[in-house]
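Overview (structure and organization)
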Amino acid sequence: MFNFPAVKVTILGSGTSQGVPIIGCQCMVCRSNDPHDKRLRSSILLESETTTVIIDTGPDFRQQMLREGTRKMDAVVFTHEHKDHIAGLDDIRAFNFILKKKIPVYASNRVQSAIRREFAYIFDEFRYPGIPEIDLIDLPSDPFMIGDIRLIPLQVMHMKLPVHAFRVGNFAYITDANYIAPEELKKLEGVETMVLNALRREPHPSHFTLDEAVALVKKIGAKKAYLTHISHQLGLHATVSRELPEGVELAYDGMVLVGSFE
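This section reports on the structure supplied with the text. (Residues numbered from 1 in each chain as written. Predicted model: local features only at pLDDT ≥ 70, side-chain atom pairs only at ≥ 80, totals over all residues. Heavy atoms only, no water.)

Side note on the overall build of the chain
- Along its length, the chain carries 7 helices and 14 strands.
- The C-alpha radius of gyration computed for the chain amounts to 18 Å, which stays within 12% of the reference 18 Å derived for 262 residues, consistent with globular compactness.
- Structurally, the chain occupies a C-alpha span of about 55 × 50 × 35 Å along its principal axes.
- Within the span of the chain, comprising 262 residues, buried residues form 56% of the whole.
- The contacts in the chain between residues at least 6 apart in sequence include a share of 64% that link residues at least 24 apart.
- Taken as a whole, the chain presents about 12,100 Å² of accessible surface, with 52% of it coming from carbon and sulfur.
- Measuring between centres, the 30 positive side-chain charges of the chain sit 2 Å from its 33 negative side-chain charges. (Helix = DSSP H or I, 4+ residues; strand = E, 2+ residues; numbered from the N terminus. Rg over C-alpha atoms; globule rule 2.2 N^0.38 Å. Buried < 20%, exposed > 50% of the residue type's maximum accessible area, 1.4 Å probe, protein only. Contact = heavy atoms within 4.5 Å. Areas by Shrake-Rupley, 256 points an atom, 1.4 Å probe, with all protein chains shown as cover. Lys, Arg positive; Asp, Glu negative; His and termini not counted. Charge placed at Lys NZ, Arg CZ, Asp CG, Glu CD.)

Right, dumping it as structure tokens:
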């Protein structure tokens, strides 16, 4: 039995790759005045008393960090290389300045290749003043520690693209997925709280639908689930919330979850 400190999970963003509202869209969701319908790109922040970890730095990373008032960063962990999950990496340099050190970045070999390609200037022989300072670290396949936070990686599938999900004690975070193999599902046994992607109602080739996400929550047996990576196509937050079964809610930007995660 592992004993872990209380961990605060903040939903930095709960929207899909284009965010909500979508540029130029005039649907009722994109025109909604409800702040729950304003969704930045998907990401979460994990915080214990001594450790701060962000999972994914999307295009809204700067805005999310300013909104939360975050001044500490022990590591970044990436789920996969799509732009809506890595595009904000340049703004990690603010933490270089504050903390006077490089920031560890955990990523698979494939994601590291994308980072080197998309942010080539970080790795140039000529070190331009003010560029981000990062240490790329191979994402382990086994459980690993960042400070006092223990992360258990598992692989899910985003159509044909392998994506990493993460378990922290009895909490799990799964974004950009539409299939989880049986051997990976076993790693979720005992999870009580989870954040899971649910793009829309209609079938999609690379994301769980609302019904598929709810069915997966029941299969895993989680007591509480919060749905994320939400498209404007899913509907208004207030409307969808009334339809959800007990124990399942729509996540929203700025939502905070706190657990002992032992």
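Now that the structure has been shown, we can carry on.
A few points about the packing of aromatic side chains
- Tallied over the full model, the rule gives 4 aromatic pairs.
- Considering the side-chain rings of Tyr106 and Phe144, the 5.2 Å spacing of their centres and the 25° angle between planes classify their relative orientation as stacked. On the criterion of sequence distance, the pair formed by Tyr106 in strand E5 (residues 103–107) and Phe144 in strand E7 (residues 144–146) is long-range, its members being 38 residues apart.
- Residue classification places Tyr106 among the buried residues on the basis of a relative accessible area of 13%.
- Relative accessible area serves as the criterion here: at 7%, Phe144 is assigned to the buried category.
- Judged by centre distance (6.2 Å) and plane angle (70°), the ring pair of Phe126 and Tyr128 falls under edge-to-face. (Phe/Tyr/Trp six-rings, centres within 6.5 Å; stacked < 30°, edge-to-face > 60°.)

Notes on unusual backbone geometry
- Pro21 follows Val20 through a cis peptide bond whose omega is 5°.
- Position of Pro21 relative to the elements: it lies in the loop between strand E1 (7–13) and strand E2 (43–47).
- With phi around 80°, Asp56 is a residue other than glycine that occupies positive phi space.
- By the secondary structure assignment, Asp56 is in the loop between strand E3 (52–55) and helix H1 (61–68).
- Given a relative accessible area of 0%, Asp56 falls into the buried group.

Structural notes on the nonpolar core
- Val156, Ile174, Ile180, Leu188, Met194, Leu196 and Leu227 are the most contacted members of the largest nonpolar core, which has 31 residues in total.
- Elements that contribute at least two residues to this core include exactly strand E8 (149–158), strand E9 (161–168), strand E10 (171–174), strand E11 (193–197), helix H6 (210–220), strand E12 (224–228) and strand E13 (248–250).
- At 6 residues, the largest contribution of residues to this core is made by H6.
- Excluding its chain neighbours within four sequence positions, the residues that come into contact with Leu227 are Leu196, Ala198, Leu210, Ala213, Leu244, Val248, Glu249, Leu250 and Ala251.
- In this structure, Val7, Ala75, Phe171 and Leu257 belong to the second largest nonpolar core, which totals 24 residues. (Core = buried A, V, L, I, M, F, W, Y, C linked by side-chain atoms within 4.5 Å.)

A word on the environment of Ile180
- With respect to the helices and strands, Ile180 occurs in the loop between E10 and helix H5 (182–185).
- Note: C-alpha distance between Ile180 and His164 (16 residues apart in sequence) is 11 Å.

Some thoughts on the pattern of salt bridges
- By the definition in use, this model includes 13 salt bridges.
- When the shortest N-O distance is used, the salt bridge between Asp74 and Lys72 registers 2.3 Å.
- Lys187 is paired through a salt bridge with Glu184; the nearest N and O atoms lie 3.2 Å apart.
- Its relative accessible area of 13% is what places Glu184 among the buried residues.
- Here the salt bridges do not stand alone but share partners, grouping Lys83, Arg117 and Glu118 into one network. (Salt bridge = Lys/Arg side-chain N within 4 Å of Asp/Glu carboxyl O.)

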